[in-house]
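Structural features, examined
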Amino acid sequence: MHNTDQIGSIIARLRTEKGLKQNQLSAMLNISPGNLSNYEHGVYWPALDTLCMIADLFNVSTDFLLGRTGYRCPPEALSAYVTPDYTMHQIVNTLLELDTGSLDAVVKYAEFLKSKKGSTVAENSGKKLSRRSAAPRRKAAQSDSSRS
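What this report covers is the structure whose coordinates are included nearby. (Residues numbered from 1 in each chain as written. Predicted model: local features only at pLDDT ≥ 70, side-chain atom pairs only at ≥ 80, totals over all residues. Heavy atoms only, no water.)

With the rule as written, the count across this model stands at five salt bridges. Linking Arg72 and Glu17 is a salt bridge whose minimum nitrogen-to-oxygen distance equals 2.6 Å. Highlighted residues: Arg72 in the loop between helix H5 (62-65) and helix H6 (88-96) and Glu17 in helix H1 (residues 4-17), separated in sequence by 55 residues. Overall, Arg72 belongs to the partly exposed group, its relative accessible area being 32%. Ionic contacts of the salt-bridge type, sharing partners, join the residues Arg13, Glu17 and Arg72 into one network. (Salt bridge = Lys/Arg side-chain N within 4 Å of Asp/Glu carboxyl O. Helix = DSSP H or I, 4+ residues; strand = E, 2+ residues; numbered from the N terminus. Buried < 20%, exposed > 50% of the residue type's maximum accessible area, 1.4 Å probe, protein only.)

Moving on to the packing of helix H2 (residues 22-29) against helix H3 (residues 33-40). Packing of H2 against H3 brings their axes to within 8 Å, and their N-to-C directions diverge by 110 degrees. Between H2 and H3, the angle falls in the class roughly perpendicular. For the pair H2 and H3, contact is made by Gln22, Asn23, Leu25 and Ser26 and by Pro33, Leu36, Ser37 and Glu40, respectively. Within the contact of H2 with H3, the residues separate by chemical class into three nonpolar, four polar and one charged. (Axes fitted to C-alpha atoms, helices over the stretch in contact; angles between N-to-C directions. Parallel < 35°, antiparallel > 145°, perpendicular 65-115°, else oblique. Contact = heavy atoms within 4.5 Å. Nonpolar A, V, L, I, M, F, W, Y, C, P; charged D, E, K, R; others polar.)

Purely geometric stuff here, so don't read any function into it on its own.
Structure below.
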């Protein structure tokens, strides 16, 4: 069983990250500020429908709110296309198949791209990479989906 203090601190952290005051969030959730304060201080848990509203409002999963996972995004985020040909799910599955050295290289390259955000070097290298590898990856993704 998860403790109410953990759930409350997660709700409080999400609220402050969004720059909301307790009375603002409580109005959005249609609950009293006292109830929200009680959730945040671990006095008691929010009702299931309130928990779902909080998750939707902050675009996190209920598992994240309950402290069951550190993954903030709701599961449907995995079906979102990050490029015209690839969903987040396909990219995650590809990453899970890589060995440790290859994963290290991917992370370092992603960090490099983040550090060069907006530069023509990062944009050009990304375009070259996607042109070079789009066809083989598309075939791999199609064969993965045909297995399911």
